[in-house]
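# What the coordinates show
These are the residues of each chain, in order.
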Amino acid sequence: MLAELRIQNFAIIQDLTLAFSDGLVVLTGETGAGKSIILDALNAVLGGRVDVNDIRRDSDKAVIEAAFDLDAPTAAAVKTLLEPEGLWEENGSLSLSREIRAGGRSVARVNGRSVSLSLQAELGALLADIHGQSEHLSLLKVRHHLDLLDRFAHHEDVLNAYTQIYRQWLALRSELQELLNLQQYAKDRTDMLKYQIQEIEAARLKADEEADLRQESTLLANAETLHSLSRQALSALDEGSEALPVTDLLGEAQHALSELARIDPQMTGMSERAAQALNTVSEIAYELRGYLENIEFNPARLDQIEERLNTLNFLKRKYGGSVESIKTYLQKAKDELSKVENVEEQISEVEQKISRLKQELAVLAGKLSLERRSAAQKLEKSVEDQLQNLQMNNARFQVNFTVLPNSEGLELDSQRVAFDATGTDKVEFLIETNPGEGLKPLVKIASGGETSRLMLALKHVLAEADQIPTLVFDEIDQGIGGRVGVVVGQMLWQLGRTHQVMCVTHLPQLAAYGDQHLRVSKQEAQGRTLTHVSVLDAGAREQELAGMIGSVSVGTLQSARDLLHAVDEFTGKIDSVS
């Protein structure tokens, strides 16, 4: 529900913060005080249209902020919408804001982050219906009618069974289309796959082969350099001709140090280290001779390696960036080849499965249609009863069903009809408000009080089916008197047990049923008009209701008390006998 609304510099509202209760919230006050402006601000923060003229004079921007407390069904719907955008708060809190700037730009935010206006409007449609503002009249949107009827019918088990099979049918239809596409070029594709498989398998790929080949190629390509450097090192170590090699010099040094150690024992350590150095250099010289002997001068082998590397590079460019990618492609090609070679058989199998599923869908769709038509009759009567209570005695309400013929559809009653995820029925609510006008779509009915009363009748009947938590009614008392106002008040109060209901009214008989009563007034300060809102306690409510009945007097105050007493009896706060 809407927990709080803050409005800054919007029309004649300078800075106003409102906290709302659950149940029925009524807003009363003199004409022009700003009651409808508050609803306009709420509509704006829910993603509705705004205008720079809504900005308070001498201000550069208007800001509206709203905080919502979400019940479980609403939270689930909001989470589905916001979680993919990274906007969902795990604590379930939700805040919306709308900033209207003098330059014409409008900024929408959800939980403090900027969003597109379309997303805010989509979110707003989950949170509130503002009746009297066409943007949020969800019942006027035909696509909602079938869903509302289904929830009114309470046949979730049949609908869920149908939906599950429909999803299976969708998946199979997609698979069939892939197979049919495959069939169109099966011969060419078969030849291509066989060629690719043969090409990859002929290469006899090995793991780590490429790295080994590149190392061997480097050695072969640099054989002369390796031989020259090795010969140079060996000559210096052990085969010097013009100068004594390192091993001879180290041998002489070690011999001298050994003789020194025989005379002076403290030279023993140095003599031993010289002996170790001689051994190390001798080992290096020995290993270097072996390395030198194994250096390979083999241009033919180098050509073979280069050719092999070229083959690997070609395959990588064609089938993937690595040997592993090529092997993966090979397996996919084999799988596809198997599929292509058996495409006729697979098409036949899938077509048989689709046929069986369509038979199951036809049975469930027929059952859904029967249950919908039965529920529609009950809905029609209930709505017409409510409309009579609201002084629309001659109004008729009808749930109109249509089906569309389709040669590829489901077979129902010896004909084939189109179907989708909801079944075969197309549903639209129709209304006739005056005799002789004929039944028309809801969107064609008159605006103002007639629309609001129809919405109230529908909302009252569909209260359990409608999950939108906050319902706002403006001008609902237009054209009705006090007697009907009592009925409207009772209906709104009852609707407030399952929803948060907000209502702008001039009828005291209706206002008396409010769980929370807000009085909207305007004041003047420094030559400017300001909107002020007061939350009325029991005494202030009597004064306000008396003023709505007429001039505040002993008589009107007593009438106000009588109204509140009747409300307490109706709502069960006091025993009617007492």
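The structure we're discussing is the one just above.
Residues numbered from 1 in each chain as written. Predicted model: local features only at pLDDT ≥ 70, side-chain atom pairs only at ≥ 80, totals over all residues. Heavy atoms only, no water.

Before going further, it helps to examine the overall build of the protein chain. Counting its secondary structure elements, the protein chain contains 18 helices and 17 strands. A globule of 578 residues ought to have a C-alpha radius of gyration of about 25 Å, yet the protein chain, at 43 Å, is considerably larger. With respect to the principal axes defined by its C-alpha atoms, the protein chain has extents near 140 × 75 × 50 Å. The buried share of the protein chain, reckoned over its 578 residues, is 43%. In the protein chain, once contacts between residues fewer than 6 apart in sequence are set aside, the share between residues at least 24 apart is 70%. Carbon and sulfur atoms make up 48% of the accessible area of the protein chain, which totals about 30500 Å². Computing the positive centroid from 59 side-chain charges and the negative centroid from 87, the protein chain places the two 5 Å apart. (Helix = DSSP H or I, 4+ residues; strand = E, 2+ residues; numbered from the N terminus. Rg over C-alpha atoms; globule rule 2.2 N^0.38 Å. Buried < 20%, exposed > 50% of the residue type's maximum accessible area, 1.4 Å probe, protein only. Contact = heavy atoms within 4.5 Å. Areas by Shrake-Rupley, 256 points an atom, 1.4 Å probe, with all protein chains shown as cover. Lys, Arg positive; Asp, Glu negative; His and termini not counted. Charge placed at Lys NZ, Arg CZ, Asp CG, Glu CD.)

Here the focus is the packing of helix 2 (residues 72-82) against helix 3 (residues 117-127). Close contact between helix 2 and helix 3 brings their axes to 10 Å; oriented N to C, the two are set at 170 degrees. In this view, helix 2 runs roughly antiparallel relative to helix 3, as classed from their interaxial angle. From helix 2, Thr74, Ala77, Val78, Leu81 and Leu82 reach across to helix 3, where they touch Leu119, Glu122, Leu123, Leu126 and Leu127. Class assignment for the residues of the contact of helix 2 with helix 3 results in eight nonpolar, one polar and one charged. (Axes fitted to C-alpha atoms, helices over the stretch in contact; angles between N-to-C directions. Parallel < 35°, antiparallel > 145°, perpendicular 65-115°, else oblique. Nonpolar A, V, L, I, M, F, W, Y, C, P; charged D, E, K, R; others polar.)

Turning next to unusual backbone geometry. Here the phi dihedral of Asp58 falls at roughly 75 degrees; this positive angle occurs in a residue that is not glycine. On the basis of relative accessibility, which here comes to 68%, the residue Asp58 falls in the exposed class. Its identity is not glycine, yet His154 carries a phi of approximately 55 degrees, on the positive side. Its location among the elements puts His154 in the loop between helix 4 (142-153) and helix 5 (156-184).

Attention now moves to the environment of Lys444. Within the element layout of this structure, Lys444 appears in the loop between strand 13 (440-441) and helix 14 (449-461). Taking the C-alpha atoms as reference, Lys444 lies 35 Å from Ala102; in sequence the two are 342 residues apart.

With that out of the way, let us pick up the nonpolar core. Core analysis: the largest hydrophobic core is formed by 58 residues, its most contacted members being Leu379, Phe473 and Leu492. Ignoring sequence-local partners within four residues, the contact set of Phe473 consists of His131, Ser452, Met455, Leu456, Lys459, Leu492, Leu495, Val501, Met502, Cys503 and Val504. The next biggest cluster of nonpolar side chains, apart from the first, holds 48 residues, and it includes Ile13, Ala41, Leu87 and Leu94. (Core = buried A, V, L, I, M, F, W, Y, C linked by side-chain atoms within 4.5 Å.)

Our focus in this paragraph is the environment of Thr505. With respect to the helices and strands, the residue Thr505 is situated in the loop between strand 15 (500-504) and helix 16 (508-511). Here Thr505 falls in the buried class, since its relative accessible area comes to 0%. At 3.0 Å, the side chain of Thr505 forms a polar contact with the backbone nitrogen of Leu507. (Polar contact = N/O pair within 3.5 Å; in protein donor to acceptor, adjacent residues only side chain to side chain.)

This part covers the sheet that holds strand 16 (residues 516-525). The mixed open sheet is built from six strands, whose spatial order is 8-14-15-3-16-17. A strand with exactly one partner marks an edge of an open sheet, and here the two such strands are strand 8 (128-131) and strand 17 (528-535). Each strand axis lies, on average, 15 degrees off the axis of its neighbour in the sheet, ignoring direction. The pairing of strand 14 (residues 470-473) with strand 15 spans four bridges and is classified as parallel. Its bridge partner being in strand 15, Phe473 is matched across the sheet by Cys503. (Pairing = 2+ DSSP bridges.)

This paragraph deals with the packing of helix 9 (residues 246-263) against helix 10 (residues 268-294). Their axes nearest at 8 Å, the elements helix 9 and helix 10 cross at an angle of 160 degrees. Relative to helix 10, helix 9 is oriented roughly antiparallel. Here helix 9 runs over helix 10; the crossing is left-handed. Contact residues: helix 9 offers Val246, Thr247, Leu250, Gly251, Gln254, Leu257, Ser258 and Ala261, while helix 10 offers Thr268, Met270, Ser271, Ala274, Ala275, Ala277, Leu278, Val281 and Ser282. (Left-handed = near helix turned anticlockwise from the far one by under 90°.)

Moving on to the pairing of strand 1 (residues 2-10). Each regular strand shows side chains that alternate between the opposite faces of the sheet. By the bridge criterion, six bridges tie strand 1 to strand 4 (residues 61-68) in an arrangement that is antiparallel. Considered in strand 4, the bridge of Glu4 is made with Ala67. When strand 1 meets strand 2 (residues 13-19), the two strands line up antiparallel, connected through six bridges. By the bridge assignment for strand 2, Phe10 is matched with Ile13.

What follows covers the pairing of strand 10 (residues 405-412). Pairing analysis gives four bridges linking strand 10 to strand 11 (residues 415-417), with the strands arranged antiparallel. Among the inter-strand pairings, Glu411 is bridged to a residue of strand 11, identified as Arg416. Linking two consecutive strands that pair antiparallel, namely strand 10 and strand 11, is a turn of two residues; a positive phi of about 50 degrees is found at Asp413 within it.

A few words on the sheet that holds strand 13. Strand order in this open sheet of three strands is 9-12-13, and the pairing throughout is antiparallel. Each edge of the open sheet carries a strand with a single partner, namely strand 9 (396-402) and strand 13. In this sheet, strand 13 lies alongside strand 12 (residues 426-432) in antiparallel orientation, the contact comprising two bridges. Pairing of Leu430 across the sheet is with Pro441, part of strand 13. Packed on one face of the sheet, helix 4 meets strand 9 and strand 12 and runs near 100 degrees to strand 12. Along the sheet, helix 13 (residues 343-389) makes contact with strand 9 and strand 12, crossing strand 9 at roughly 160 degrees.

This paragraph deals with the pattern of salt bridges. Within this structure, the stated rule accounts for 22 salt bridges. Here Arg101 and Glu99 are joined by a salt bridge, their closest N and O atoms 2.5 Å apart. Of the residues examined, Arg101 reaches a relative accessible area of 28% and is grouped as partly exposed. With a closest N to O distance of 2.5 Å, Arg519 and Glu544 form a salt bridge. Residue Arg519 is located in strand 16, and its partner Glu544 is located in helix 17 (residues 538-549); the two are separated by 25 residues in the primary sequence. In this structure Arg519 comes out as partly exposed when scored by relative accessible area, which is 31%. (Salt bridge = Lys/Arg side-chain N within 4 Å of Asp/Glu carboxyl O.)

Right, let's talk about helix 6 (residues 186-202) for a bit. The end-to-end C-alpha distance of helix 6, which contains 17 residues, comes to 24 Å, matching closely the 24 Å that a straight helix rising 1.5 Å per residue would cover. Along helix 6, the residues classified as buried are Ala186, Thr190, Leu193, Gln196, Ile197, Glu199 and Ile200. The positive-phi residue at the C-terminal boundary of helix 6 is Arg204, with phi of around 45 degrees. (Expected span 1.5 Å × (residues − 1).)

Relative to the assigned elements, Val115 resides in strand 7 (residues 113-115). For Val115, a relative accessible area of 16% corresponds to the buried category. A sequence separation of 11 residues divides Val115 from Gly104, and the C-alpha atoms of the two residues are 17 Å apart. Sequence-distant contacts of Val115, defined by excluding residues within four places in its chain, comprise Leu87, Ala108, Arg109, Val110 and Gln120.

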